[in-house]
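Architecture at a glance
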Amino acid sequence: MATEKQHLFDNPKNVQRVLYLLYFCCTVLFILDFVIHRHLVHPWEGLLGFYAVYGFVGCVVLVLVAKWMRTFLMREESYYDRTELDPKEIDGGEHVGH
Amino acid sequence: MWAIDTPAFIPLFLVSVLALFTKGNLRGAILLGVIALSGIHLWNVPAGTSVSLSFLGYELTPYKVDKLSLMFGYIFHIAALIGVIYSLHVKDTMQQVAAPLYAGSALGAIFAGDLLTLFVFWELLAITSVFLIWARRTERAYQAGIRYLIVQVMSGVILLGGLIIYYGKTGSLDFGYIGLDGIGSWCIFLAFGIKACFPLLHNWATDSYPEATPTGTVFLSAFTTKVAVYALARSFPGTELLVFIGATMTCFPIFFAVIENDLRRVLAYSMINQIGFMICGIGIGTALAVNGAVSHAFNDIIFKGLLFMSMGAVLHVTGRINGSDLGGLYKSMPKTAMLCIVGAASISAFPLFSGFVSKSMVMSAALQEGYHWVWLMLLFASAGVFHHAGIKIPYFAFFAHDSGLRVSEPPKNMLVAMTISAILCITIGVYPGWLYSLLPFDTGYNPYDATHVLAQTQILFFSALAFVWLNLRGLYPPELHSVNLDVEWIYRRFFPQTLKASFSWIWSQDAMLRSRVLEQLDNFYNYLARCHYPGSKASQVRPTGNMVMWVAILLAIYMWLLLSFVN
């Protein structure tokens with residue numbers, strides 16, 4: 001059996017390179033804050049790195065809250081199907097059941 | 001017969017009749033040709049064209065063209081064309097007839113000049129689109145379609161009730177500015193709100209869109225909700241309540257999107273989030289904000305369509321759509337992956353992509369009008385949309401862990417449709433002037449100043465950084481086979497179960513009552529029977545003499561009565 005072609009992200013080095021590129025961009029953007037003069041409307045916009053921090057913290061909070069929401073919102077996949085469908089229909093056609 | 005004031009929905013209704021009697025390539029060619037011609041025709045229709053007629057004593061305006069409706073007319077033609085190209089490989093008369101009818105109903109609704117015409121097309125939207133869900137032909141899709149139809153028709157009935165009350169109060173059926181004043185206009189507002197996915201009324205979209213066919217969802221995502229956005233922009237601009245409704249809509253769905261496994265349901269939640277930006281802009285109501293709302297609707301139809309198309313392509317070739325079952329598809333579907341990333345960049349509002357040039361208008365307007373808390377919510381939602389639609393969709397479908405799936409690219413027509421959308425996303429992002437020239441107001445807005453570009457880029461890159469950090473720390477919630485409870489739980493679980501419980505109580509009470517009555521009857525029969533047992537009262541034998549004596553007594557009483565009361 002022929003081994004499969006090596007793809008771009010099969011090599012962990014390439015993944016690492018993408019991450020380094022991201023870190024580099026973030027650093028540059030943060031530094032640009034000092035270089036580019038903004039016209040401000042909201043007082044918070046003047047805080048150092050406001051947008052960067054807001055974006056980062058916002059996303060972390062979003063994910064952690066969503067993860068916590070799973071504790072009371074999550075049900076098994078056939079939750080509605082058991083009462084709404086015939087037992088033989090539970091896989092729902094094209095959906096792949098496991 | 002063909003004239004400049006021929007309403008835009010007529011060619012689409014005609015072509016659906018033609019589609020019914022043709023098949024294969026001919027059907028595809030006719031659909032494309034007629035929709036393209038209809039679009040070119042509309043391009044030549046000047047604002048101000050209208051058709052009036054008198055119906056049962058009402059002055060109706062079934063066709064009225066102005067700058068706002070023209071803009072939606074153009075984008076609906078573009079969406080219909082892209083959708084038809086995307087579904088050229090489909091051999092299903094039901095879908096290929098329903099789709100142009102559905103697009104035609106949307107065109108009819110936006111060019112309606114009075115509320116009665118609007119109502120007719122409002123209901124047609126519901127009835128024609130449900131076939132795109134049922135065409136999946138699974139029991140689950142059938143059930144979802146029924147629920148979808150009930151909600152949509154209910155919205156129409158509320159609209160009808162509202163417009164009757166409104167007509168009674170104002171004596172006008174004009175589909176123009178209405179404003180929240182009196183019960184009639186509140187009903188109309190609610191009817192629009194159901195179709196626009198207001199919070200708590202939103203669940204029909206996330207319930208039904210993931211159940212439709214891969215091609216059907218592309219049509220569904222373009223029309224129904226955008227007609228509602230248009231209707232709100234026409235009738236309720238500057239209604240402050242909409243600012244807060246819109247801001248809520250941008251925030252709450254992103255939490256659901258992060259933990260949702262079905263990637264098309266993630267997109268449905270993200271659609272509500274994007275509509276939130278539009279509703280917010282309509283609520284602010286300044287020229288800049290309404291421009292932002294309308295242009296964002298225009299762009300959203302294209303980039304959301306592109307994302308739904310890319311996920312439809314994945315579903316088409318793999319038969320799977322759950323994030324937990326996918327991954328590593330960039331190896332075998334690199335073109336689809338690239339096109340999906342363009343859509344993701346557009347919805348995330350990266351500079352030089354279409355989302356940026358429209359969303360920034362709403363954000364700027366919120367800030368200028370002093371809605372600071374709303375602005376902060378929109379900013380949070382901007383970061384969130386990048387997280388769940390911009391990163392999550394392409395990452396879990398095409399990258400992440402390799403699912404081992406080795407498939408081929410989707411059919412050519414799907415790739416062509418996605419490429420057209422992607423080109424539009426980038427063109428509008430790079431040259432927003434064309435889009436701005438279509439807008440209802442001239443504000444001279446320029447999205448590409450250093451402040452906006454830097455702020456947006458910082459938000460996005462640091463959101464990406466947050467995604468990477470959470471993943472490396474193992475804090476990111478894994479994709480799991482699951483259902484997350486939403487408002488639909490009330491009508492899919494709570495009501496049926498409550499009804500079931502109350503009916504079983506009623507039936508048990510009923511059974512008890514019946515058994516008691518039967519018992520009483522039984523006792524009575526037993527008593528009667530006992531009376532006839534040997535030796536009991538009814539079984540005694542009496543001599544004939546007794547009878548003669550009783551007759552004599554009766555006659556005596558009778559004679560006495562006769563003599564005593566002569567008159």
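Small disclaimer: the values here were computed from a predicted structure and weren't measured. (Residues numbered from 1 in each chain as written. Chains lettered and ligands numbered in written order. Predicted model: local features only at pLDDT ≥ 70, side-chain atom pairs only at ≥ 80, totals over all residues.)

1. Some details on the overall build of chain B
Each helix and strand counted, chain B has 20 helices and three strands in total. Here the C-alpha atoms of chain B give a radius of gyration of 33 Å, more than 25% beyond the 24 Å that 2.2 N^0.38 yields for 567 residues. Dimensions along the principal axes, computed over C-alpha positions, put chain B at roughly 125 × 65 × 55 Å. A burial count over chain B gives 54% of its 567 residues as buried. (Helix = DSSP H or I, 4+ residues; strand = E, 2+ residues; numbered from the N terminus. Rg over C-alpha atoms; globule rule 2.2 N^0.38 Å. Buried ≥ 20, exposed ≤ 12 C-beta atoms within 10 Å, placed from the backbone.)

2. Observations regarding the domain arrangement of chain B
If you check the domain split of chain B, you get domain 1 (237–482) and domain 2 (491–564). In this structure, domain 1 of chain B and domain 2 of chain B have C-alpha centres spaced 77 Å apart. (Domains from an automatic or database assignment.)

3. Focus: helix 4 (residues 93–110) of chain B
Compared with an ideal rise of 1.5 Å per residue, which puts 18 residues at 26 Å, helix 4 of chain B spans 26 Å between its outermost C-alpha atoms and is within 8% of the ideal. Along helix 4 of chain B, 16 of the 18 residues are buried, which leaves the element largely enclosed by surrounding structure. (Expected span 1.5 Å × (residues − 1).)

4. Notes on the domain arrangement of chain A
All names here are of chain A. One can read the domain layout of chain A as domain 1 (9–38) and domain 2 (40–87). Taking only C-alpha atoms, the centre of domain 1 and the centre of domain 2 are 25 Å apart. Listed per partner, the contact involves four residues of domain 1 and five residues of domain 2. When the residues that make up the side of domain 1 that touches domain 2 are grouped by side-chain class, the tally is two nonpolar, no polar and two charged. (Contact = placed C-beta atoms within 7 Å. Nonpolar A, V, L, I, M, F, W, Y, C, P; charged D, E, K, R; others polar.)

5. A look at unusual backbone geometry
Residues and elements named next belong to chain B. The phi dihedral of cysteine 197 is positive, around 65 degrees, even though this residue is not glycine. Along the polypeptide, cysteine 197 turns up in the loop between helix 7 (182–195) and helix 8 (203–208). In this structure cysteine 197 comes out as buried when scored by C-beta crowding, with 27 C-beta atoms within 10 Å. Even without a glycine there, the phi angle at leucine 352 is positive, about 80 degrees.

6. As for the pairing of strand 2 (residues 58–64) of chain B
Residue and element names in this part refer to chain B. As paired elements, strand 1 (residues 50–55) and strand 2 share five bridges and run antiparallel to each other. Residue pairing across strands places phenylalanine 55 opposite tyrosine 58, the latter belonging to strand 2. What sits between strand 1 and strand 2 in their antiparallel hairpin is a turn of two residues, with leucine 56 showing a positive phi close to 50 degrees. (Pairing = 2+ DSSP bridges.)

7. Observations regarding the confidence of the model for chain A
Chain-level pLDDT for chain A is 81 on average; 83% of the residues reach the 70-or-more range. By mean pLDDT, the top-scoring element of chain A is helix 2 (residues 50–73) of chain A (93), and the lowest-scoring one is helix 3 (residues 81–84) of chain A (80). (pLDDT = per-residue confidence, 0-100.)

8. What about the environment of leucine 376 of chain B?
Residue and element names in this part refer to chain B. Mapped onto the secondary structure, leucine 376 falls in helix 15 (residues 372–398). On the neighbour-count criterion, leucine 376 (17 C-beta atoms within 10 Å) is partly exposed. For the pair leucine 376 and proline 411, spaced 35 residues apart in sequence, the C-alpha separation works out to 43 Å.

9. Thoughts on the environment of valine 53 of chain A
Residue position: valine 53 of chain A is located in helix 2. Sequence separation between valine 53 of chain A and glutamate 76 of chain A is 23 residues, and the spatial gap between their C-alpha atoms is 36 Å.

10. Quick look at the interface of chain B and chain A
On the side of chain A, 46 residues touch chain B, which itself brings 49 residues to the contact. Contributing elements (two or more residues each) for the side of chain B that touches chain A: helix 6 (139–170), helix 10 (240–259), helix 14 (354–368), helix 15, helix 18 (450–472), strand 3 (483–484) and helix 19 (488–531) of chain B. For the side of chain B that touches chain A, the element with the highest residue contribution is helix 18 of chain B, accounting for 16 residues. Of the residues in the side of chain B that touches chain A, the class split is 28 nonpolar, 14 polar and seven charged. Examined bridge by bridge, strand 1 (residues 74–75) of chain A and strand 3 of chain B share two bridges and lie antiparallel to one another. If you follow methionine 74 of chain A over to strand 3 of chain B, its bridge partner there is asparagine 484 of chain B.

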